[in-house]
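These are the residues of each chain, in order.
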Amino acid sequence: MFLLKNNRTQNKFYKALCALIVCVLVLSGCAKKQEPLRVITLKGPTAMGMAPMIEEADDSDDARFEVVAAPDAVAPKLLKGEADFAAVPANLAATLYQKSEGKIQVVAINTLGVLYLVERGEQVHSLKDLAGKTIVAGGKGSTPEYALNFLLQSAGISQDQVSIEWKSEHTEVV
């Protein structure tokens, strides 16, 4: 509800409101239909965080999501302009920024809760317990590898004390 001082003010207000409504209607009628937003994400932990958005997008024309197996499938699509947004490891984001001369930019970096170490059994209680074990991991050459190497080094475990089997997809680790 609008409270206006007098009839003269009221008339000016209603004329301005009508003009605004007409402008909005005219401009919205002239607008082109928006193309859907094209988003690429990685299969595994990255896509899991987007699951609600992917499900919602299936029911609308606002966005299209593509889930790919490896980060190297994302770069060509972004560089060619075949995608608008992508969820990628931080090191790939930096590389894409450099290759595109700043045309591809980082919007946000999120690493909270992405790295998990799980085992079958109850033998590992600390990082030091990984010495002499085989670690199966995904993400060679990206953030998971760098984080794992840092954690092993921090625990005093050298590369020759563990065996690391790298998988091309995070889902292969299971």
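Residues numbered from 1 in each chain as written. Predicted model: local features only at pLDDT ≥ 70, side-chain atom pairs only at ≥ 80, totals over all residues. Heavy atoms only, no water.

### Focus on unusual backbone geometry
Even without being glycine, Glu 101 reaches a positive phi, approximately 55°. You can see Glu 101 is positioned in the loop between helix H5 (90-99) and strand E4 (134-138). Judged by relative accessible area, Glu 101 falls into the exposed class, the value being 72%. (Helix = DSSP H or I, 4+ residues; strand = E, 2+ residues; numbered from the N terminus. Buried < 20%, exposed > 50% of the residue type's maximum accessible area, 1.4 Å probe, protein only.)

### What about the pairing of strand E5 (residues 163-167)?
Across 5 bridges, E4 lies against E5 in parallel orientation. Bridge assignment links Gly 138 to a residue of E5, and that residue is Lys 167. With helix H6 (residues 143-154) bridging E4 and the parallel E5, this β-α-β connection has right-handed handedness. (Pairing = 2+ DSSP bridges. Right-handed = clockwise from strand over helix to strand, strands pointing away.)

### Focus: the pattern of salt bridges
Evaluated as defined, the whole model comprises 4 salt bridges. The shortest N-O distance in the salt bridge between Arg 38 and Asp 84 comes to 3.0 Å. Of this pair, Arg 38 sits in strand E1 (residues 37-42) while Asp 84 is found in the loop between helix H4 (74-79) and strand E3 (85-86), placing the two residues 46 residues apart along the sequence. Lys 167 is paired through a salt bridge with Glu 165; the nearest N and O atoms lie 4.0 Å apart. What makes Glu 165 partly exposed here is its relative accessible area of 36%. (Salt bridge = Lys/Arg side-chain N within 4 Å of Asp/Glu carboxyl O.)

### Some words on the confidence of the model for the protein
As a note on interpretation, predicted positions should not be read in detail where pLDDT is low. Averaged over all residues, the pLDDT of the protein is 79; the fraction at 70 or higher stands at 78%. By mean pLDDT, helix H1 (residues 7-30) is the weakest element of the protein at 57, and E5 is the strongest at 93. Note that residues 1-6 has pLDDT below 50 and, in this model, 4 contacts with residues that lie over four places away or in other chains. (pLDDT = per-residue confidence, 0-100. Contact = heavy atoms within 4.5 Å.)

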